[in-house]
Amino acid sequence: MDASNLSIREINSLFTKKELKPSELYSKVFENAANSEAALHAHLTLFEEENLKKAAESDKRFSNGESTSLLDGIPIAIKDNINIKNYKTTCSSKMLSNYTSPYDATVIEKLKEQNTLFTGKTNLDEFAMGSSTENSAFGLTKNPWNTDYVPGGSSGGSAASVGARSSIAALGSDTGGSIRQPASFCGLVGFKPTYGTVSRFGLVAFASSLDQIGPITKTVDDSRIIFSSISGEDSRDATSVINNQLDIPSDNTATIGVIKELMEDGISDEAKNEVNKVVEILKSKGYKVKEISIPIIKLSISIYYLIAPAECSANLARFDGVRYGLRVDGNTSYEMMENTRAEGFGAEVKRRILLGTYALSAGYYDEYYGKALQARKEMIDEFAKTFKDVDYLISPTTPTQAFKSGEKTSNPLEMYMSDLCTIPANLAGLPAISIPTGLSKDELPLGVQVMSKPLSDNSLLDFSEIIENEVQFDGQPKGWL
Amino acid sequence: MFLKPTIGIETHIELNTNTKMFCRCAVVDTDEPNISLCPTCIGLPGALPVPNKKAIEFITLLALSTGCEITSKGMFHRKNYFYPDLPKNYQISQFDLPVGLNGELEIVIDENKDYIQIERVHMEEDTGKSSHSGSGRIESATSTALDFNRSGVPLVEIVTKPVISSSKQAVAYIEELRQLSIDLNISEGRLEKGNLRFDANISVAPEDSTELGTKVEIKNMNSLRSLERAIDFEIQRQTKALEDGVEIVQETRHWDENKEVTSTMRSKEGSADYRYFSDPDLPNMFLSNEFIKEVETLMPLLPKAQREELMTTGLSLSQSNILSKSDDWIKKLYVKVFDQTKDSVASYNWITGELQGQMRKANIEVLPEWFNDDYLSEIIELIKSNKISFTSAKIILTEILTTETTPSKVAEQKNLFQENDSEKISEMINQIIKENQDIVDRIKSGEDKLVGFLVGQLMKQSNGSVNPGMAKELLLKELEG
């Protein structure tokens, strides 16, 4: 038995029974990192030395029977756009290659209170903009199932790390699918909670109205444990909400909707088959399943690529070389700022800043950004209507299995299409989860996505666990342990 | 061709909240740079804004006090522009949904009331302070020092409609607004500290024209003198240009305090594109009816109402206006003295004239603690009952401002009580007539002026203790008889 393969609850049980020490698990996880990092490049920074002392403290708590937290001594990887005090937060950008955060994100504070251990900071697409973790200033990350393939993105480093067991679980951030898509590509559970349930304070903003922190884990229960630890209203985030969870049925009295528009052209047969497989299982268990049409979903990518770049064009304006991060000199302040931004940002980031700046410009606002806001509102209304008929919506997480490294880097539009199924949940603020369900003929993982109405995260997790148990996906990438 | 000027004024008032607008940093009044900072107000990655409720209360109070309609569903917008002292390179402000719209402010010029229409009252965060080396302009500075203490301090911006027609009106408007902010207790109202800063939009057009001329903005003045002179200068400059057939360029100009001229700062300001959009970090701000009612209970007696109240005591509009714009202790002292003496003119003259004059001359900023509010009433009563002369009263006032004593004690000690007994005065007059028979003869032969000489002799002999009015009356009677 390899402890790094176990779920959080199983590990905690071993800790409690004193059959395993947190420091032993911590060493094991770093052994896995040593085996996998050179090939995968999941982590940008590994924390081992610094956390050995904390692992020893966990050992002591468990040996004294004083531990009170399920996450005590659990090594978790953190996406490098979430601030940990006194560590670098680079966002995989040259712009922040030398930036150390003087403060903890709220989620980090919460995990520290639970005595979680951190394995390090994981790679991402620069400022979380991308779907393959190829847009990193510090080198790309590979898929642990097959290193010819991308791990997905932008939380590709987090997913690859959990896949290769160089962490037990990881935090990612999801703006248009950046948790769910890499989780799906790496055969893992990826959960994007309801917008506002997890504080964004300390998460470097990409698109503030869409960003949400969430877990990437091996099991639904692991996601549940982490979600319950990091969620909660935060006085430092004005968009955070009181986490008053709605209780909707997860047993077979629930009605399931299959989204018609996400089972059409552009979705691979393999991806559709996974949904059909799950639908059959649910029907056999007595769930009512029906096809649901939400036509506006077809506009998701268009809406998203106006709103997200518009917000990012302002959010990333602060990176100017004046106060921190990269500074490239110039003859005047303005020249310095221009030089810094020209050199500090990668191509995809620049593309989105330009897109967003354009969409917000005088004369274009109404035509582009204004229309996108309107369409977003309509989509929210459409989902609200849909959830009067069904409790959960099911679809593929991604249109295809993972693609090969380099395959889509020269075609941004095609790259954007890989987020087709995941973007609607961000636009509507819904909780959404990707559950691994099977392997493609190339032996790469596939997953299905389930969404539910805002603030029904716990029920969504319960329902997902039922699917997880029925599907019995026990795939695990080989060769890293 | 007669040209008429049209002026609109934008005023920024620094609110006197304890903490900044979007973080909990203290608002500090110090020259020591960068001592009150946090991740939010210096725009560190991942930091988020949380609105200061007190500041919104203050802004609502100002909007209500100027008779604005309150926008119950207000909104925060991002105003995007790059400047080194603007940490996020966008300023959180309000755009199409400001706190207040369409108000009016009563102003007073001499004995006339006037009304300035207010277009909007909205919230803004202040920027940091830049000190550019060399010329003081960013374009040519080789280095710039930045102080972010001011960054994020709450400001309220009040924008008038283009309804002001002279520098005199502009000054009266700022004086009124300043007093209003002091009485509302939302600002210190100290111009010399930059608590109020104003920009003026000035245009000149033929009197019969229905359209406004090309507008020129003069930025960042913070004294009434600058405002007055800059407006006068600009009206003259534009008038001359039009008369000479020179086109006026829409631009932003800078008022040079020393040279007393305006000069071009940047042109085409009108085309600056701030790409305003609703700040996704700050969900819509609802000002509930309960909140507005709560704010209404904080409303003090406004300057306009103070003037009306003062006029009921018998003061003129301009006197009431001067009092309403005086320090609080002066207003209170007036009310007290008037209550006791029922003589508005004497109360007003003694307080705003003699008392303030002597205090200024003697460099006394606050009344000494022994200075009883009743003393002025006592002095006025002593004059009115002819117990002391006006000259003696001034001497008494000087004494009680510098020495711990009372008006009657001073009068006693200095022998300032007047002789009001007509028999005693007549006795003295007879004596004087006897001693100055030659003068009496000359008076009788027509040299009326010499009566004054006899009164003077009388005052001299009585050490000024004789009631001069009575003395003159009795003397004349004696001479005629």
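Residues numbered from 1 in each chain as written. Chains lettered and ligands numbered in written order. Predicted model: local features only at pLDDT ≥ 70, side-chain atom pairs only at ≥ 80, totals over all residues.

(A) View of the overall build of chain A. Within chain A, the regular secondary structure consists of 15 helices and 11 strands. Relative to the globule expectation of 23 Å for 481 residues, the C-alpha radius of gyration of chain A, 21 Å, shows essentially globular dimensions. Along the three orthogonal principal directions, the C-alpha set of chain A runs to about 65 × 55 × 45 Å. A total of 481 residues make up chain A; the buried ones form 61% of that total. (Helix = DSSP H or I, 4+ residues; strand = E, 2+ residues; numbered from the N terminus. Rg over C-alpha atoms; globule rule 2.2 N^0.38 Å. Buried ≥ 20, exposed ≤ 12 C-beta atoms within 10 Å, placed from the backbone.)

(B) Focus on the interface of chain A and chain B. Taken together, the contact between chain A and chain B spans 33 residues of the former and 27 residues of the latter. Element by element, the count of residues in the side of chain A that touches chain B is highest for helix α9 (residues 300-315) of chain A, at 3 residues. Considered class by class, the residues forming the side of chain A that touches chain B number 15 nonpolar, 11 polar and 7 charged. (Contact = placed C-beta atoms within 7 Å. Nonpolar A, V, L, I, M, F, W, Y, C, P; charged D, E, K, R; others polar.)

(C) Spatial organisation of the domain arrangement of chain B. Domain assignment breaks chain B into domain 1 (3-294), domain 2 (326-413) and domain 3 (422-480). The gap between the C-alpha centroids of domain 2 of chain B and domain 3 of chain B is 32 Å. (Domains from an automatic or database assignment.)

(D) How the structure looks around the pairing of strand β6 (residues 212-217) of chain A. Residues and elements named next belong to chain A. Counted residue by residue, β6 has 6 buried out of 6 residues, so it is predominantly covered. Here strand β5 (residues 189-192) pairs with β6 via 2 bridges, running antiparallel. Following the sheet pairing, Gly190 is matched in β6 by Ile216. (Pairing = 2+ DSSP bridges.)

(E) Main features of helix α11 (residues 347-360) of chain A. Between the first and last C-alpha of α11 of chain A there are 20 Å, a value that for 14 residues agrees with the 20 Å anticipated at 1.5 Å per step. If you check which residues of α11 of chain A are buried, you get Val349, Arg352, Ile353, Gly356, Ala359 and Leu360 of chain A. When α11 of chain A is viewed along its axis, its buried side chains cluster within an angular range of 130° and face the same direction. Turned more than 90 degrees off the buried face of α11 of chain A, the exposed positions are Ala347 and Leu354 of chain A. Residues of α11 of chain A that are buried sit in contact with α9 and α12 (366-389) of chain A together with β15 (277-278) of chain B. (Expected span 1.5 Å × (residues − 1). Arc of directions from axis to C-beta.)

(F) Looking closely at the packing of helix α7 (residues 220-230) of chain A against helix α15 (residues 457-471) of chain A. Residues and elements named next belong to chain A. At a minimum axis separation of 9 Å, α7 and α15 run at an interaxial angle of 165°. Taken as axis vectors, α7 and α15 run roughly antiparallel relative to one another. Like other packed secondary-structure pairs, α7 and α15 cross with a definite hand, here left-handed. Where α7 abuts α15, its residues Val220, Asp221, Ser223, Arg224 and Phe227 lie against Asp457, Leu461, Ser464, Glu465 and Glu468. (Axes fitted to C-alpha atoms, helices over the stretch in contact; angles between N-to-C directions. Parallel < 35°, antiparallel > 145°, perpendicular 65-115°, else oblique. Left-handed = near helix turned anticlockwise from the far one by under 90°.)

(G) Region of interest: the nonpolar core. Core analysis: the largest hydrophobic core is formed by 199 residues, its most contacted members being Ile76 and Val450 of chain A together with Ile59, Val156, Tyr173 and Ala200 of chain B. It is α9 of chain A that contributes the most residues to this core, 9 residues altogether. In contact with Ile76 of chain A, not counting residues within four places along its chain, are Leu111, Thr116, Phe118, Thr119, Ser167, Ile168, Ala169, Ala170 and Leu171 of chain A. Leu355, Ile380, Ala411 and Leu416 of chain B belong to the second-largest nonpolar core, a separate cluster that totals 24 residues. (Core = buried A, V, L, I, M, F, W, Y, C linked by C-beta atoms within 7 Å.)

(H) Spatial organisation of the packing of helix α1 (residues 53-65) of chain B against helix α4 (residues 289-296) of chain B. Residue and element names in this part refer to chain B. Interhelical geometry of α1 versus α4 gives an angle of 75° and a closest axis separation of 10 Å. The orientation of α1 relative to α4 falls into the category roughly perpendicular. Only Ile292, Val295 and Glu296 of α4 make contact with α1, whose side of the interface consists of Glu57, Thr60, Leu61 and Leu64. Looking at the contact of α1 with α4, its residues break down into 4 nonpolar, 1 polar and 2 charged.

(I) Just the environment of Leu454 of chain B, in detail. Residue and element names in this part refer to chain B. The residue Leu454 is located in helix α14 (residues 450-461) in this model. The spatial distance from the C-alpha of Leu454 to the C-alpha of Ile439 is 8.1 Å, given a sequence separation of 15 residues. If sequence neighbours within four positions are ignored, Leu454 has contacts with Ile432, Asn436, Ile439 and Leu475.

(J) Spatial organisation of the pairing of strand β6 (residues 100-109) of chain B. Residue and element names in this part refer to chain B. Note that strand β2 (residues 69-70) and β6 share 2 bridges and pair antiparallel. Residue pairing in the sheet places Glu69 in a bridge with Leu101 of β6. For β6 and strand β7 (residues 112-125), the ladder comprises 9 bridges, and the chain directions are antiparallel. When the bridges of β7 are listed, Glu104 appears paired with Gln117.

(K) Broad picture of the sheet that holds strand β1 (residues 43-46) of chain A. Residues and elements named next belong to chain A. Strand order in this open sheet of 11 strands is β1-β3-β2-β4-β6-β5-β10-β11-β9-β7-β8, and the pairing throughout is mixed. Edge positions in the sheet fall to β1 and β8 (288-292), since each has one partner strand and no second. Pairwise comparison of adjacent strand axes, ignoring direction, gives a mean angle of 30° for this sheet.

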